[in-house]
Amino acid sequence: MDKLIISPAPHIHGGDSIEKNMRGVIIAMMPALLVGFYFFGMGALIVTLVSVGSCVLFEYLIQRFLLKIKPTITDGSAIVTGVLLAMNLPSNIPVWMVMLGALFAIGVAKMSFGGLGNNPFNPALAGRVFLLISFPVAMTSWPEPAPLTTAYLDAQTGATALSSLKGGEVDIPRIMNLLIGKMGGSLGEVSAIAILLGLLYLLAKKIISWHIPVSILVTVALFTSILHLSNPEEFASPLLHLLGGGLLLGAVFMATDYATSPMNPRGMVVFGVGIGIITVVIREFGAYPEGVSFAILIMNAFTPLINNYIKPKRFG
Amino acid sequence: MKTFRIGGIHPKENKFSAGQRIKTVALPDRVVIPLAHYSGMPSRAVVKKGDFVKVGQLIGQADGYVSANVHSSVSGRVSKVDVQLDASGYKRPAVFIDVEGDEWLESIDLTTDIKRECHFTKEEILTKIQSAGIVGLGGATFPAHVKLAPPPGKKAEVLIINGVECEPFLTCDHQLMLEKGEEIMVGITILMKVLAVEKAVIGIENNKQDAVEYLRKIAKSYPGIRVVPLKVRYPQGGEKQLIDAILRRQVPSGKIPIEVGTVVMNVATTFAVYEAVQKGKPLMERVMTISGKEVQNPGNYLVRLGVYLSEVVNQAGGVPERTGKIIGGGPMMGRSLMNLDVPMAKGSAGIVFVPDRDSVRGQDRNCIRCAKCVTVCPMGLEPFLLMNQSEREMWDEMEQNRIMDCIECGSCSYTCPSNRPLLDYIRYGKTTVGFRIRSRKAAKV
Amino acid sequence: MNTILAAILILGGIGILLAVLIYFVSEKFKVIEDPRYDQVEATLPAANCGGCGFPGCRGFAVACVESDSLDHLNCTVGGIETMEKVASILGKTAVAHTPTVAVVRCGGDCEHRPRMNEYDGVKHCFIAHNLYSGETGCSWGCLGFGDCELSCDFDAIKVNPITKIPEVDEEKCTSCGACVRACPKMLIEIRKKGPKSRRIYVNCRNKDKGNISRKSCNVSCIACNKCFKVCPHEAISIGDNLAFIHDDKCKLCRKCVEVCPTNAIVELNFPPRRKPVEAEGETLVTNK
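So, a few notes on the structure that sits alongside this text. (Residues numbered from 1 in each chain as written. Chains lettered and ligands numbered in written order. Predicted model: local features only at pLDDT ≥ 70, side-chain atom pairs only at ≥ 80, totals over all residues. Heavy atoms only, no water.)

### Focus on the sheet that holds strand S2 (residues 30-34) of chain B
Residue and element names in this part refer to chain B. Defined as follows: Pairing between two strands is assigned when DSSP locates at least 2 bridges connecting them. In DSSP terms, a helix is any run of H or I states spanning at least four residues, a strand is any run of E spanning at least two, and both are numbered starting from the N terminus.
Spatial ordering of the open sheet is given by S2-S8-S7-S4, a layout of four strands whose pairing is antiparallel. With one partner strand each, in any of the chains shown, S2 and strand S4 (52-53) form the two edges of the open sheet. Relative to strand S7 (residues 76-85), S4 is paired through two bridges, and the arrangement is antiparallel. Its bridge partner being in S7, valine 53 is matched across the sheet by glycine 76.

### Re the layout of surface pockets
This is how the line gets drawn: Cavities and pockets are defined on a 1 Å grid built over the protein atoms alone: a cavity is a set of grid points where a 1.4 Å probe fits but cannot escape, while a pocket is an open set with protein on both sides within 12 Å along at least five of seven lines, and lining residues are those with an atom within 4 Å of any such point. Grid points are joined across faces, edges and corners, and a volume is the space filled by probe spheres set on the points. Residues are grouped as follows: Ala, Val, Leu, Ile, Met, Phe, Trp, Tyr, Cys and Pro are nonpolar; Asp, Glu, Lys and Arg are charged; every other residue, Gly included, is polar. Segmentation into domains, and thus their bounds, comes from an automatic or database assignment.
The space that makes up the second largest pocket amounts to roughly 1,300 Å³. Taken together, 43 residues form the lining of the second largest pocket, with Lys206 of chain A together with Lys372, Thr375, Val376 and Thr415 of chain B sitting closest to its centre. For the lining of the second largest pocket, the elements supplying multiple residues, two or more each, are helix H1 (18-66), helix H7 (192-204), helix H8 (211-230) and helix H11 (265-285) of chain A together with helix H10 (372-376) and helix H13 (411-415) of chain B. Among the residues making up the lining of the second largest pocket, the classes are represented as 18 nonpolar, 15 polar and 10 charged. For the lining of the second largest pocket, the two domains that each supply at least three residues are domain 1 (1-24 + 126-360) and domain 2 (372-444) of chain B.

### Focus on empty space enclosed by the protein
Residues and elements named next belong to chain A. Scanning the model with the defined rule gives 12 cavities of 30 Å³ or more in all. One number sums up the size of the largest cavity: a volume of about 300 Å³. Every residue lining the largest cavity is counted, 22 residues in all, and those nearest its centre are Met22, Val80, Leu84, Asp257 and Tyr258. Breaking the lining of the largest cavity down by element, the ones donating at least two residues are H1, helix H2 (77-87) and helix H10 (247-254). Among the elements that line the lining of the largest cavity, the one with the most residues is H2, at four residues.

### Comments concerning the interface of chain B and chain C
Here is the rule we go by: Should any heavy atoms of two residues lie within 4.5 Å, those residues are counted as being in contact. For any pair of parts, buried area is found by adding up, for both, the accessible area (1.4 Å probe) each one loses once the two are put together. A pairing counts as a salt bridge when a side-chain nitrogen of Lys or Arg comes within 4 Å of a carboxyl oxygen of Asp or Glu.
Taken residue by residue, the interface counts 20 residues in chain B and 21 residues in chain C. Carbon and sulfur atoms make up 53% of the surface buried where chain B meets chain C, a total of about 1,600 Å² over both sides. The largest share of the area that chain B buries against chain C comes from Tyr90, Lys91 and Met338 of chain B, three residues that together contribute 38% of it. For the interface between chain B and chain C, the tally reads two salt bridges.

### A closer look at the environment of phenylalanine 16 of chain B
Residue and element names in this part refer to chain B. Here is the rule: Classification of residues uses two cut-offs on accessible area relative to the type maximum, computed with a 1.4 Å probe and protein chains only: under 20% is buried, over 50% is exposed, and between them is partly exposed.
Looking at the element boundaries, phenylalanine 16 is found in the segment before strand S1 (22-24). The class for phenylalanine 16 is partly exposed, based on a relative accessible area of 36%. Taking the C-alpha atoms as reference points, phenylalanine 16 and glycine 299, 283 residues apart in sequence, are found 7.9 Å from one another. Ignoring sequence-local partners within four residues, the contact set of phenylalanine 16 consists of Phe169, Ser291, Gly292, Lys293 and Pro298.

### Looking at the packing of aromatic side chains
Let me state the cut-off plainly: Side-chain rings of Phe, Tyr and Trp, where Trp is taken by its six-membered ring, are said to pair if the distance between their centres is within 6.5 Å; with planes under 30 degrees apart they count as stacked, over 60 as edge-to-face, and otherwise as tilted.
Scanning the model with the defined rule gives 12 aromatic pairs over all chains in all. Aromatic pair tryptophan 96 of chain A and phenylalanine 135 of chain A: ring centres 5.4 Å apart, planes at 85 degrees, arrangement edge-to-face. With a gap of 39 residues between them, tryptophan 96 of chain A in helix H3 (residues 95-110) and phenylalanine 135 of chain A in the loop between helix H4 (123-134) and helix H5 (136-140) connect regions that are remote in the sequence. Taken together, a centroid distance of 5.5 Å and an interplanar angle of 85 degrees make the contact between tryptophan 395 of chain B and tyrosine 428 of chain B edge-to-face.

### Things to note about the environment of cysteine 52 of chain C
Residues and elements named next belong to chain C. Within the element layout of this structure, cysteine 52 appears in the loop between helix H2 (35-43) and helix H3 (56-66). Relative accessible area serves as the criterion here: at 24%, cysteine 52 is assigned to the partly exposed category. Distance from cysteine 52 to leucine 73, taken between C-alpha atoms, is 7.1 Å for residues 21 residues apart in sequence. Dropping the residues within four chain positions of it, cysteine 52 is found in contact with Phe60 and Asn74.

### Comments concerning the interface of chain A and chain B
Threshold: Pairs of N or O atoms within 3.5 Å make up the polar contacts considered here, provided that, within protein, one atom can donate a hydrogen while the other can accept it, and that residues adjacent in sequence are counted only when both atoms are side-chain atoms.
Taken together, the contact between chain A and chain B spans 37 residues of the former and 58 residues of the latter. For the chain A and chain B pair, buried surface summed over both sides reaches about 4,000 Å², with 56% attributable to carbon and sulfur atoms. Interface area lost by chain A to chain B is led by His11, Met263 and Phe315 of chain A, which between them contribute 23%. Salt-bridge contacts for glutamate 382 of chain B lead to arginine 314 of chain A; the nearest nitrogen and oxygen are separated by 3.6 Å. Counting the contacts that link chain A with chain B gives 21 residue pairs in polar contact (both at pLDDT 80 or more). Residues of the side of chain A that touches chain B, tallied by class, amount to 17 nonpolar, 12 polar and eight charged.

### Here's the deal with the sheet that holds strand S5 (residues 58-61) of chain B
Each strand in a sheet pairs with its neighbour through backbone hydrogen bonds, running either in the same direction (parallel) or in the opposite one (antiparallel). All names here are of chain B. Here three strands make up an open sheet; going across it, the order is S3-S5-S6 and the pairing antiparallel. Single-partner strands in this sheet number two, and they are strand S3 (44-45) and strand S6 (70-71). Taken together, the two bridges between S5 and S6 define a ladder with antiparallel strand orientation. Looking at S6, one finds that glycine 60 is bridged to valine 70.

### Overview of the nonpolar core
The criterion, for reference: By convention a nonpolar core is built from buried Ala, Val, Leu, Ile, Met, Phe, Trp, Tyr and Cys residues, the set being connected through side-chain atoms within 4.5 Å.
Grouped together as the largest cluster of nonpolar side chains are 154 residues, with contacts concentrated most on Met29 and Phe253 of chain A together with Ile97 of chain B. Sequence-distant contacts of phenylalanine 253 of chain A, defined by excluding residues within four places in its chain, comprise Val25, Ala28, Met29, Leu84, Met87, Ile195, Gly198 and Leu202 of chain A. One finds Ala144, Ala156, Ala219 and Ala276 of chain B within the second-largest nonpolar core, a separate group that totals 58 residues.

This is how it looks when you write it as structure tokens:
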């Protein structure tokens, strides 16, 4: 180089990049995804591949031909959205629905707001909720877990842990099933242990901080404990709430999405507590058996407000 | 192990020159002694063309409250008083001297034995420090005598000595502590006497274990002095961070350390105080580090003020091939130099050569709102927000978001996964907001 | 049927109630303003540039109405026509102000002022200016990142991608002064537009001594005093190693242009000379 470069300090960079973070998130999602492949077999694989493929494709097409900018599919964010969307879907959902969900997630929830970083709502969740409202039957008929099955659209369906929640017995085998993931549900939400493994990886790699997942889980545990103790007949045990349904998946992978969560620890705690409360309210008093997606989307809408009013702890 | 409580990063230390003994750089034919300082007013030249000056003779008289005397570092004839491009990137006044011999002022004690007793009164010491032109050698070059004279009503309880050296690459303070430990200790006792404090704490990051052990050993014979090892964490060398790490007290926004009863001095400044008070030697030379990933023999050099950096580098093995950027100071807060034909100044702690593959910044992309800048900011600010507001010139909002607290440590830009130039914009905002605050105050008066 | 009727009645009732409430509130808190403010504001160009020295066109309209005469008030965008309209509304007399235009006083393009370093920060003049003196050896010259271009509301100043020096479009420039305030190097000056847009000015702001400034830039003013001596109208003053041509005294005789050894004095929009002076090397950099 013939000319010396002048630039403002700092002159070194930590080497962190969007790609690294996205790769970390994908690695962290792998255990839960693999458990999904195991229990739901072929269907899970098809749904995941279609979801990831169409998310990447739609992002490329929109950026290349609609926005006429350099596509940023290499940063990995579309892959993350695709995997997350797949993990939120039942494994027996038709391919065209998955593609429609991906189109909504990428086209409406992400690109129309200006792409990565500018989206107010988590794209994968927006896609899932879009599908849930449009096709409630397809979205809530969960296949029964059948290890390494080749069944796809014809898979036998059953109820999720949460929808058969009320009045159920809480015994050790049932809890064990919830932990390893032997239950009906979306293909990525079933195994608590796999998701917690992912959480540990994310925390160890410092991709996310503990504030959001922990505050969500603690809030749900406290709130449901109070309800359960006041009336065990009517309200389910906190263990079922924590392990059944999409709470863990939502708390670890969805609520911690960078762009849609608050930007400082205090705000993150408020965000998490809000999600916890709304989730339990929807689950126990609302019409849907599952409330995590709605809770996260509602709190996503509050994120700018939280950022504005809750400031980090200042020095001095 | 102690460290400060908010934010911080841990860049790769790269202390290649650690353990290299301090070498003295030979005298060049000509020196250019800058009269301007990093902060405050330039000094006023008191010599003119043709004057003969000796080593240690006053050539620049302090001009204003935040200004310091400048002394000749060589003996010789003044060839001119003119402007010279210096490390700030601007042409500023300087005294050009052609070297003739090496003739020192008679009042300077050139013996190397350590003089432990100090019989001067507080006022005498302060005058000596002021006339010796001692400034903070950590980088901000704030005049030491101003720091040592707390405003009326404020009283220091503890003296903190900054031996942290948290910048990557730099090792000059580390080596100084190893080689001049006794002198630093005497310097600390002098400073304690000036401030009338009983306690002094030396903060050293524990990647300098040998310095911690050595100073601990000799500190036994100096009552009141304690050595505290600190966890390696940038920007621990920042005054406010260091106080938080050692005393667990946080300096309030917009205030100076004396507010929490302490004064912070760099080890190199302390050594300069020792030399000025005990040996009568003004500040006219300092230790600097020459380092970099591809530098042949990185080391620590004792350099007189005004020597062209190119001379120093030549004696240290020359500029490595494929150098893309030369940094004056450390890589986190230093300034990139336009060329090496700039003179050594009081604040020059080092030269770091960056290979060209590392010297260009990555392409900046969208903010993904990952909040990592908020997490690492040692002042608890929101860099992403300040940058956005600076881009949109929302000065009042920036002021409310405490932009003036920013210490410009660069942790935010360092950590940003999108390579966003956070600090560039924040500095822009800080300059503008600072100007607005000053003009508002001036309007009130 | 009853339901519909009830709905209409209730909603309609609420509507009427609120309408009455709004009417009384607006009457109660009515702000009485001089109607001429609005009239004057309507005649102004609504550029809100601040070139008149007031916060936007509204501020200028208020000032016009309130002040005793229009002598010191001038809308730089609308010029004398606008001011005459304003004057007719207010019954005052408009004073013609000499048309002015912004000039960029730096001729250091890439050819005359070689780049010595490469800047790798935010491409923003102010940020670069805070950091160091510039990519070239000249600490006073244009940085070329276009803060002036950003500040201009009229699209009148543009950085030429080849010379990296901003150029002013005389037709569009309203001499509002936004670029003058934006330039951290203080290179831009509002000058008299001159008859037929003819102007002469020193195209340099380098306050270094002659030898130093010459080293960094071929077309810098070296304060050699030649123009000062040759000027028959005493329009040129020398200070800080720099010549300055006072536009109120300059009679556009072009003598200074001829004697300038570094071609730092620029003439604009003049017809070609009958006897062309021996131009040393390159031709002048002009703004057109």
